[in-house]
Amino acid sequence: MTQAHIDGLLARAIALARAVRIPVSPDICPQVRLNRRARTRFGCCVRGDGGCTIELSAQLARQGSEEAVFRVLAHEVLHTCPGCANHGPRWRGYAQRMNTAYGLDIRRTDSFDGLGLEDDRPVRWWVVCARCGRRIPRMKRSPLVDHPERYRCPCGGALAVEAALPQAENGKP
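Description of the structure in this document.

What to know about the nonpolar core
A general feature of soluble globular proteins is that nonpolar side chains tend to end up buried together.
Logical step 1: Ranked by internal contacts, the top residues of the largest apolar core, which has 37 residues, are Ile22, Val24, Leu56, Leu60, Leu73, Leu78 and Met98.
Logical step 2: Counting only elements with at least two residues in this core, the list comes to helix H1 (3-19), strand S3 (51-57), helix H2 (58-63), helix H3 (66-78) and helix H4 (89-102).
Logical step 3: No other element matches H3, which puts 8 residues into this core.
Logical step 4: When neighbours within four sequence positions are excluded, Leu56 is seen to be in contact with Ile6, Val32, Arg33, Leu34, Asn35, Phe42, Gly43, Ala61, Val69, Val72 and Leu73.

See the structure below:
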């Protein structure tokens, strides 16, 4: 996807939000900044210098569908609204307004699968549910990896960590 095409999707997201009376910032940079280092974040709204710049993961721009890119851009545009720096009630209300008006699926968080991307990050630990067998990949050490006994799977099952594999053997089962 070209930079011009992505910038056009940003302009469309801004226009659609304004059309349903969402108070997006008038000071949004019209050019999307591609972040080539982002590995787990698909988009970001950066405030500074009196305005807002929308960043997009270069991986999403390369591999994502137009619909996925637009959804992330629309999500970030909502962060430019007053009182919407986080995913609080006001942000959620605006997201619901956009979703209802245009049949979108703007979410608080998204996933590689949800955006149609391949997750190529190396898996270092697998957290496994004893009840349903769900396997949760973990790339970084975290409280979940260190203390799985403090957490439960959505099904209610106990979690355990599989032994870390050497870097060369990492991958998905």
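Some thoughts on the sheet that holds strand S2 (residues 43-48)
Logical step 1: One open sheet holds the 3 strands; their spatial order is S1-S3-S2, and the pairing between them is mixed. Only two strands of the sheet have a single partner each, and these edge strands are strand S1 (33-35) and S2. Direction aside, neighbouring strands of the sheet carry axes that sit 35 degrees apart on average.
Logical step 2: Of the strand pairs in this sheet, S2 and S3 are connected by 6 bridges, and their pairing is antiparallel.

Some details on the packing of aromatic side chains
Logical step 1: Going through the model one piece at a time under the given rule, you end up with 1 aromatic pair.
Logical step 2: Ring centres of Phe42 and Phe112 lie 5.2 Å apart, and the angle between their planes is 75 degrees; on these two criteria the pair is classed as edge-to-face. Within this pair, whereas Phe42 is found in the loop between S1 and S2, its partner Phe112 is found in the loop between H4 and strand S4 (125-129), the two being separated by 70 residues in sequence.
Logical step 3: For Phe42, a relative accessible area of 10% corresponds to the buried category.
Logical step 4: Look at Phe112 and you get buried, because its relative accessible area is 7%.
Logical step 5: One cation-aromatic arrangement involves Arg12 over Phe70; the distance from NZ or CZ to the ring centre is 4.1 Å.
Logical step 6: The cationic tip of Arg135 hangs over the ring face of Trp126; the distance from NZ or CZ to the ring centre is 4.6 Å.

Focus: the pairing of S4
Logical step 1: Buried residues dominate S4, accounting for 5 of its 5 residues.
Logical step 2: Burial along S4 is two-sided: the residues Trp125, Val127 and Cys129 and Trp126 and Val128 are all buried.
Logical step 3: Pairing between S4 and strand S5 (residues 135-138): 4 bridges, direction antiparallel. Bridged to Trp126 within S5 is Pro137.
Logical step 4: Between S4 and S5, which pair antiparallel one after the other, the connecting turn spans 5 residues, and Gly133 there sits at a positive phi close to 80 degrees.
Logical step 5: Sheet topology places S4 next to strand S6 (residues 159-161); 3 bridges connect them, and they run antiparallel.

What counts as what
Residues numbered from 1 in each chain as written. Predicted model: local features only at pLDDT ≥ 70, side-chain atom pairs only at ≥ 80, totals over all residues. Heavy atoms only, no water. Core = buried A, V, L, I, M, F, W, Y, C linked by side-chain atoms within 4.5 Å. Buried < 20%, exposed > 50% of the residue type's maximum accessible area, 1.4 Å probe, protein only. Helix = DSSP H or I, 4+ residues; strand = E, 2+ residues; numbered from the N terminus. Contact = heavy atoms within 4.5 Å. Pairing = 2+ DSSP bridges. Axes fitted to C-alpha atoms, helices over the stretch in contact; angles between N-to-C directions. Phe/Tyr/Trp six-rings, centres within 6.5 Å; stacked < 30°, edge-to-face > 60°. Lys NZ or Arg CZ within 6 Å of the ring centre and 35° of its normal.

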